[in-house]
Each structure stands twice: as C-alpha cells, then as structure tokens.
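Read off the chains here:
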Amino acid sequence: MNTVTLTVKQQPEIILEADCITPDSFAGKTAAEIEKLPVYQGKQNCTLGDYFKVAGKAGSTPAETQIIVNGDCSRVKYIGMKMSAGEVVVNSSTDMYTGGWMKGGKLVVNGNVHSFCGLGMEGGEFIINGNAGNFLGASYRGDWRGMQGGLIRVKGNVGSDIGTFMNGGEMIIEGNADIHIATHAEGGRIVIKGNVNRRIGGQMVKGEVIVFGTVNVMMPGFHYNQDVELTVDGVTAMFQEYNGDLGERHPKRKGEPVYGKLYLKK
Amino acid sequence: MPKVVTDVTCPFCGTLCDDLEITVSDDNKKILSVKNACAIGAEKFNHTKEPGRVTHPRMRQPDGTFKEISYDEAIDFTARMLVKSRKTLMYGWASTSCQAMSIGHEIAEKVGGIVDNCATVCHGSSLIAIQDVGIPSCTLGEIKNRADRVIFWGCNPAHAHPRHMSRYSIFPRGFFTVKGHKGRKIYCVDCRHTDTARVADTFIQVQQGYDYELLNAFRTAARGGPLPDEIGGVPKEKVYEVVEELKTGRFGVIFFGMGLTHTLGRNHNIDIAISFTRDMNEFTKFNIIAMRGHWNVTGSGQVLSWQYGFPYAVDLSRLDKARYQTGETTSVDLLTRNEVEACFYIATDPGAHFPIAAMISSSKKPTVTIDPHINCTTEISDVHIPVAMVGVETGGCAYRMDNVPIETRKVVDPPEGLLTDEEVLTRILNRVNQLMEEA
Ligand code: SF4
C-alpha cells in the first residue's frame, strides 16, 4: 500500500469543499497530479495544492492507497466522501459530510466530526475517535435511504438524529446520544453504550437499538415484550426487549408482524 | 372624489384575505380607510401614511451615520459586492412578489448566491417533513365547505392569523357545512391556554416538548395499540376518546404552527403529524396545513422549488448545480459558522428575528438591504435601498398558506421617485451582467 500525506499549509478563508480527498480520486496519481485536483471555496475554483502540501505517491488502485491528513481540517467538508476502498486517516477534527455515502475501505478521524457524516453510508468502516455531530449515518434530506451497510464507531458522544431512515449496517456509540435515534429506521443496528436523552425509535419500522445507559423519556409507541440475554460488542448482559413503534406500519413475516426492537440493559 | 378599490388582497399574513375594500384619495396618493381587514392587516395599509418614510437609498458612513445616495450608486455598490463575494447569503423574499423573486434568483445564479427565505426560521422544518413523508393537503376553500373536525396544534390564529377562523376554519357556513361552527368540532392542542383554545370545544394541554410523543400516542391509538397511562400530561383515555371522535368525522384538518415547528424535534413533529394525518385517511378524509406566517413566504418556496427543486436554503455557489441542506445552507448556520462573505437582504428583517450571534456575524460583512422601511437590519447594513410596498403600492403574485396563488393589487402610488423591488432587482441584474462582461 502506498501512502500520500497531506499537510494543511493554509486555512481556507471561508470553508473548503474537498470531495477529492479519497483513495478513489488519488489512485494512480503522483503528488503533482494530486495537487491539481479541484477544491472549492464558494464559487471560486481552487486546487488541493493551494491549501495542502502533498507528499508521497498513490497506489495504482484505491485499495492500494492510504491517505494521511495532518493539520487542522475543522473547516474542510466532504473528506472521504463516496470512497470505495483504501484508507484515510485524518489527524484532526473535520467538518460536514466526512465519510458521506462511503462504500468501502476504512476512514479514521482522530478528532471530532461535524454533522451529516457517514450520510447514506453503504459499506466500509468509519472510526471517529472523538465526538460526532447530528445526522450521523442518517439519510440526505428527503431521501429514504439512511445508512445501509458498514460500521460506524464513535468513541465519544453524538448529537441528535442519528440513523434517521437507517436500513442496514451497524453504529456503535461509546458515549451518549441526544434525541431522535433511528427515526423511520427500516433495519440496521445502533448500539449506545452511554445514555440517551429521548425519542428512540420514533416511526421505526424495523431494526434494533440497544442502550446500555439510561433513557430520559420512552416513546409511548414502544411496548415491553420480554427479557432477553444478548451479547453486544463483546459484552453479555440481560436486556428488556420492547416492540415498536406500534404507531407505525409493520411488515409481516409468516403471518406475524415484524417490529422494531429496543433493548434496554437491566 | 375618493375612490373605493374592492377585492384588495391583504399583504400581511399567510391567510392572504382577498376581500378588502380600500378608500383612496382621488389623486391616488393617500389611503383614507380600510374595510374588512383585521387590525394588523389594516395597519399595513395605514402604514403608508406614517411620516418619515425613506425615499432615497442610504449608505453608511465611517462615523456610523447614513448619507443619501442615488439609486445608481446603490445599485452599483450592490452589484460589485455580489460579483466580488465568493459566497453570498441572499435572504428574505417573503414580503415581495413571485415576479421579483425570479429576478433575484437569476442574480443568484450569476453570482453564486445562496437563496434562503423566512421558512428558515419558521416553517422550514415543515418543508423538511414534507420532503420526507409527503403531505395530504387541501385548500382553505375545501376547509370552509367541508371540514367538520378542525385541530389547531401549536398555533394561535386568534392572534397570528386573525381572520383565519372567521373566513375558513371555525365560523363560516359552507356548501356542506351549513351549520357553521355548530357543525364543527374544534380541538386545540397547546402547552398554554391560548385565545384559540378558548373557542375550541376540546383543549388538550400537552407538556412543552411532548408533541412528538403525544402524536405517537395518537397514531398508536388509531391502530388500537396499548398506551402508557399518561403521555406528556395527557391521560391515555383522552387520547383514545379524541381519536375515536376524529375517525367519525367526514372531513378533518390539522392546522399547525410554531408550537410544532420550533419545539424539540422540529421537523420530526411535523413528520409524525403528517403520518398521523395519513393514518386517519384509512377511516375518513383528513388533511394537514401549515399556518404560514409572512404573506408570501409560501410563494418563495413555490418559485424556488419550481426553479431548483428545493423550497429554501438553495445553495447556488457551485454555479452549475443547486444544493440544499438545512443545518448547512440555512441562513443562521451560514452566518454563525462564518461561511459567507457578503449579505443581501430583501423584504424581511433578519435583524429582528435571527439569533444575536448570527447578526453579529452579519454586521461584520458587506451588507445591502432592500426594504420599504427602516428596520433592525437596515441599521446594520452598508446600503439601504428603499422600495415601494408590494401589495399596497405595486402589485404582484403571492401564494396563500394552502399554496393557492393570488394576485395582489396596487392601491396607491408610492412616494415620488421610489422604485419597486422588480425595478431595483432588474437594474442590479443588468449591472451584474455588465461587470461580469467587463471582467
Ligand atoms: S387575517 Fe391576515 S391576510 Fe387577513 S386581513 Fe388579517 S393580516 Fe391580512
């Protein structure tokens, strides 16, 4: 695997849209070619080289390309967007849409990510070693496809609206979450090791939410079913299983309705 | 001889009453009386008589005072600002005509602006919900003629849309509603006992921030599911009772306002209210309508959606494509995150409505405001361009809260020399074209 190292040399004056920072657009290119890739500040077209120092050489395919980004990227949007293979490691916090519509490979952010990250993710592994904002693994506005596959792991806390319209994949939050978890979900699994504020599984059709900590307010549409033992992320414990959202439509399997499941650790 | 102008449309709130009668002096310069309008609507027309109207563009001087300048100078300043800025917020539009909006959008396309309207701090959350789950809706005329179950959820038309109840939703007698309010069951759901609650048959007091949970309970009850004993302070028996009453109606409607759009969960509250409306259509005919505020904020959403596919916060900064993301391309986020280089405000007053942090950020950027009056925003602008009042001193198309287009009328002449929004925007567009050709 070849490594390309990007180092921030100048902060954007407004905000930088850099959807080219992916193994897919770097693959097969030399440092000089990578420097010429387009980035945007509003209507101004710039190049990656205007804002980053580029060192190394990309592999011939995305899978053979690793990108390491150093320097403050907290005003850089779209890093790792639509990446399909390879690896991106960002040693900074990042702005919106990091890992949006990611299809494969591994994206590691050693910092916090802003909102709309992992939007509509289809596959791969997205590790956030900090906190995440709102709409993590949710769908784009008006889209019915939130996170569909892959894994998102957050070391810290997350904001609200995570996993909206999620229909596959897994999200593991090691900290706390705010409101609206898995709203409209039709599949997938969200594990929250910490506490949740409110509104888990509103309008949820299918899928699973597992909470280790406390929940401030339960949705009235969730009804206690039974106690079950589960092994989640290497931990085995007893959970209360709730069915929901009973206000929402549900498909049937073998004549029985399939519900969304909420598990609360006893 | 004073003249009476009939069938005048009121350019104040989203009810867009179109039955006003205005008496005007024979020289067409002064409004003498306003008939049929509510107090706030009448005030809008009577405002033309207030002394101290600004009739020339003004530019702020280094010492903070304003100096009168010509329209040409103001238009040149605006065009240069728009051409230079890499990302410009172009916010407002809710109190101007659809014709003016479309000229504004042409400017935005040229200069890579972000066009946002008052929905961003109002019913934007409703528009997100509509994109997510659609909307079963109808016109206010249908409400008048058919509705026998009317719910006001988190809105207070008694104060915000004063003639809504008498023209459409509670009192009028219609084709199938010959008994007027006696034939309708009125519900009000709110966290406070408002003046609208006073005229309702049933008032449901929900704890603040529990609307989503309560609507979830309504949906669960409609499907005959089990409920906890109490939801947001409302006993479950009440929920089952109201849902049964709604099912037995012939035609139901939910009107909702800021109590849903700007409390915890925002778009999700509307989303679940729409979903409940859809559920009720299994049993009877049910609709839902947003109580839009500014008289033509709906029009701005219409024109933007028609041109770009999104109803507000349309980001044209990439020039070749339209993008949209609430939380990113919305005015307050752009300002607080310092993502724009210049601000262009028209036909609204963000200074009075936006969070302070957003306006502090705005005040540090080159700013032009086009508005008939002095307001909070004009005072932090570099240039203020006064214009004629749309719907009073010039006409144009507007959309009512139920998305019905209604033409507004000119009833009096504007003060001498004052241009209209359309004229000012056309001249800015021409100047932008010139400057871009020169470059
Ligand atoms: S209800 Fe609204 S539109 Fe009707 S007169 Fe009053 S302010 Fe004007």
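Numbers given to residues run from 1 along each chain, matching the order in which its sequence is written. As they are written, the chains are lettered A onward and the ligands numbered 1 onward, keeping that order. Totals for whole chains, interfaces and linings use all residues, but because this is a predicted model, local features are given only for residues with pLDDT of at least 70 and pairs of side-chain atoms are given and counted only at 80 or more. Side-chain numbers come from the whole structure's heavy atoms, not from hydrogens or water.

1. Focus: the interface of chain B and chain A
So the rule is basically this: Residues are treated as being in contact if the distance between any of their heavy atoms lies within 4.5 Å. Take the accessible area each of two parts loses on contact, using a 1.4 Å probe, and add the two losses: that sum is the buried area. Whenever a carboxyl oxygen of Asp or Glu lies within 4 Å of a side-chain nitrogen of Lys or Arg, that contact is scored as a salt bridge. We count a stretch as a helix when DSSP gives it H or I for four or more residues in a row; a strand needs E for two or more, and each element gets its number in order from the N terminus.
Counting from both sides, the interface comprises 48 residues of chain B and, opposite them, 44 residues of chain A. For the pair chain B and chain A, the summed buried surface comes to about 3,800 Å²; carbon and sulfur atoms form 47% of the total. Looking only at chain B, the three residues that lose the most surface to chain A are B:Arg86, B:Arg318 and B:Arg337, adding up to 19% of its buried area. The interface formed by chain B and chain A includes nine salt bridges. At the level of secondary structure, the elements contributing two or more residues to the side of chain B that touches chain A comprise helix 2 (71-84), helix 4 (124-133), helix 9 (211-222), helix 12 (267-280) and strand 16 (323-324) of chain B.

2. A few points about the sheet that holds strand 13 (residues 177-181) of chain A
Residue and element names in this part refer to chain A. How we decide: Any two strands between which DSSP finds at least two bridges are classified as paired. Axes here refer to lines fitted to C-alpha atoms; in helices the fit is confined to the stretch in contact. Angles between the N-to-C directions go from 0 to 180 degrees.
Pairing within the open sheet is parallel, and its three strands lie in the order 13-15-17. Edge positions in the open sheet fall to strand 13 and strand 17 (215-217), since each of these has one partner strand only. Here the strands of the sheet are splayed against their neighbours by 30 degrees on average, with no regard to which way each runs. Of the pairings in the sheet, the one linking strand 15 (residues 196-200) to strand 17 comprises two bridges and is parallel in character. Residue Arg 198 lies in a different strand from strand 17, and its bridge partner there is Val 217.

3. A few points about the domain arrangement of chain B
Residues and elements named next belong to chain B. Using the following cut-off: Here the bounds of each domain stem from an automatic or database domain assignment. Contacts described as polar in this section are N or O atom pairs within 3.5 Å, which, within protein, must combine one atom able to donate a hydrogen with one able to accept it, while residues neighboring in sequence count only if both atoms come from side chains. Each residue is assigned to one of three groups, with Ala, Val, Leu, Ile, Met, Phe, Trp, Tyr, Cys and Pro labelled nonpolar, Asp, Glu, Lys and Arg labelled charged, and all others, Gly among them, labelled polar.
According to the domain assignment, chain B consists of domain 1 (3-48), domain 2 (57-122 + 295-438) and domain 3 (125-290). Inter-centroid distance (C-alpha atoms) of domain 2 to domain 3 is 34 Å. Across the contact, twelve residues belong to domain 2 and 16 residues belong to domain 3. In this assembly, domain 2 packs against domain 3 so that about 1,100 Å² is buried in total across both faces, 61% of it on carbon and sulfur atoms. Looking at the side of domain 2 facing domain 3, the largest losses of area belong to Cys 122, Met 401 and Asp 402, adding up to 50% of the total buried there. In this structure, the connection of domain 2 to domain 3 is made through six residue pairs in polar contact (both at pLDDT 80 or more). Of the residues in the side of domain 2 that touches domain 3, the class split is nine nonpolar, one polar and two charged.

4. Details of helix 12 of chain B
Here is the rule: Take the number of residues in a helix, subtract one, and multiply by 1.5 Å to get its expected span. When a residue's accessible area, from a 1.4 Å probe over protein chains only, is under 20% of the maximum for its type it is buried; when over 50% it is exposed; and in between it is partly exposed.
The terminal C-alpha atoms of helix 12 of chain B, which comprises 14 residues, lie 20 Å apart, in line with the 20 Å expected from a rise of 1.5 Å per residue. Across the 14 residues that make up helix 12 of chain B, a large majority, 13, are buried.

5. Some words on the sheet that holds strand 13 (residues 251-256) of chain B
Residue and element names in this part refer to chain B. If you walk across this open sheet you meet the five strands as 10-9-8-13-14, and the pairing is parallel. Since the sheet does not close on itself, it has two edges, and those belong to strand 10 (202-205) and strand 14 (285-290), each with one partner. Neighbour-to-neighbour, the strand axes of the sheet open up by a mean angle of 15 degrees, direction not taken into account. Pairing geometry for strand 8 (residues 149-153) and strand 13, over five bridges, is parallel. Bridge pairing links Val 150 to Val 253 in strand 13.

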